[in-house]
Amino acid sequence: MRRRFAIIVGLAVAAPLTLLGGLSSVEVANADAGTSYTRTVVETASIDERAEALGLSLTDGVVPTASQSYALQLPYSLAASQGGAHLDLSQWKGYTFALDDATQSLYISNADRELVGVVTEFYGITSTGEVRPAKAGLDDHILRLMSSSPEVTHYRIDYFDATAPDSVAGVGQWRASLIRVPSNYVYDPKRGALHDYCTSSPDEFPNPSGPNADFRGPCAIHDMCYERKGCASRSCDASLLLNLRNNCMVTYSKGATQASCLATAGVYYGVVTAVHVFNSCA
């Protein structure tokens, strides 16, 4: 069983996957709007290949952020109509939008593949304030949000602005504490990919101007989950992504560094989970 990571944008049909994959993509460009949408399938791609598929670049292991001249503010919420909502992205000219279907994350970059912003979650909200699951999709230049719940009245978008200056506060407030390496985790790379933290991906976010966000704890928990569940990996992978994001948000206040950490974690996530599936499953 192989885990496939699909980054799906636009209406183009993806090229077939190769046996062990790599990268295949078809690009649809809207010359008038200056906005490109790419439908890409990534399977066991390298870190650099995955970043490229998301329209991002990597500099010393970090997704670089754009200047404030590229600032873009997505709406915090969208009203639901007949259970769904949509947002026309072509109004923002010169930006590239890449939706990672596997993680339901939307990455926004400029022509230099610098991160402008990232959406990490889409939620449906009912009139009583209950949170319901939501599914995002990109259909040409339209971002569509859907929910199976008829009670959803609007959708919330968790958008992180990568062009905003870092907050004066030194610590983020998203969760109470950093997720650390469990005391019973066995670190021994000789035993394979389930005993070496994040395998071929860096074990921390290499912040060039401050503390690094530690990714070892999330990766160690992911290793241990795979050892218990083998190829039953969906819950393991979901927890890894949440834990990586948690450590970004705990370590950094809102701003460019936090957004870059979240985007970098998304890039690492795809590679870590692909390597683990291929190395631990028959």
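Before reading further, recall that the structure is shown in the block above.
Bear in mind that the values here come from a model prediction, so they are computed numbers and not experimental data.

So, on to the pattern of salt bridges. Inspection of the entire model under this criterion finds 8 salt bridges. Here Arg 156 makes a salt bridge to Asp 158, at a shortest N to O gap of 3.7 Å. Overall, Arg 156 belongs to the partly exposed group, its relative accessible area being 23%. A salt bridge links Arg 216 to Asp 214; its shortest N-O distance comes to 2.8 Å.

Let us look at unusual backbone geometry. Phi is mostly negative for residues that are not glycine, and the peptide bonds are mostly trans. The backbone of Asp 140 sits at a positive phi, close to 60°, despite the residue not being glycine. Within the fold, Asp 140 resides in the loop between strand S10 (135-139) and strand S11 (142-146). The residue Tyr 197 is not glycine, and still its phi comes out positive at about 60°. Following the sequence through the fold, Tyr 197 ends up in the loop between strand S12 (152-161) and strand S13 (204-205).

As enumerated under the stated definition, the model contains 4 aromatic pairs in all. Plain terms: the ring middles of Phe 215 and Tyr 268 are 5.9 Å apart, the flat faces sit at 85° to each other, and that makes the pair edge-to-face. Within this pair, whereas Phe 215 is found in the loop between strand S14 (213-214) and helix H2 (216-229), its partner Tyr 268 is found in helix H4 (residues 256-280), the two being separated by 53 residues in sequence. When sorted by exposure, Phe 215 lands in the same class as Tyr 268, which is buried. Its guanidinium or amino end placed over the ring of Tyr 197, Arg 216 lies 5.9 Å from that ring's centre, counting from NZ or CZ.

Moving on, we get to the state of the cysteines. Summed over the entire model, instances satisfying the criterion amount to 3 disulfides. In this model Cys 225 forms its disulfide with Cys 236; the gap between the sulfur atoms is 2.0 Å. Handedness of the Cys 225-Cys 236 disulfide follows from its S-S torsion of about -75°: it is left-handed. Of this pair, Cys 225 sits in helix H2 while Cys 236 sits in helix H3 (residues 234-251); the two residues are 11 residues apart in sequence, bridging distant segments of the chain. For Cys 225, a relative accessible area of 10% puts it in the buried group. Put simply, Cys 248 and Cys 261 are joined by a disulfide, and their sulfur atoms are 2.1 Å apart. Handedness here is read from the sign of the S-S torsion; for Cys 248 and Cys 261, about -75°, the answer is left-handed. Separated by 13 residues along the polypeptide, Cys 248 in helix H3 and Cys 261 in helix H4 bring together distant segments of the chain. The class of Cys 248 is buried, set by a relative accessible area of 0%. Residue class for Cys 261 comes out buried when judged on its relative accessible area of 0%.

Conventions adopted
Residues numbered from 1 in each chain as written. Predicted model: local features only at pLDDT ≥ 70, side-chain atom pairs only at ≥ 80, totals over all residues. Heavy atoms only, no water. Salt bridge = Lys/Arg side-chain N within 4 Å of Asp/Glu carboxyl O. Buried < 20%, exposed > 50% of the residue type's maximum accessible area, 1.4 Å probe, protein only. Helix = DSSP H or I, 4+ residues; strand = E, 2+ residues; numbered from the N terminus. Phe/Tyr/Trp six-rings, centres within 6.5 Å; stacked < 30°, edge-to-face > 60°. Lys NZ or Arg CZ within 6 Å of the ring centre and 35° of its normal. Disulfide = S-S within 2.5 Å.

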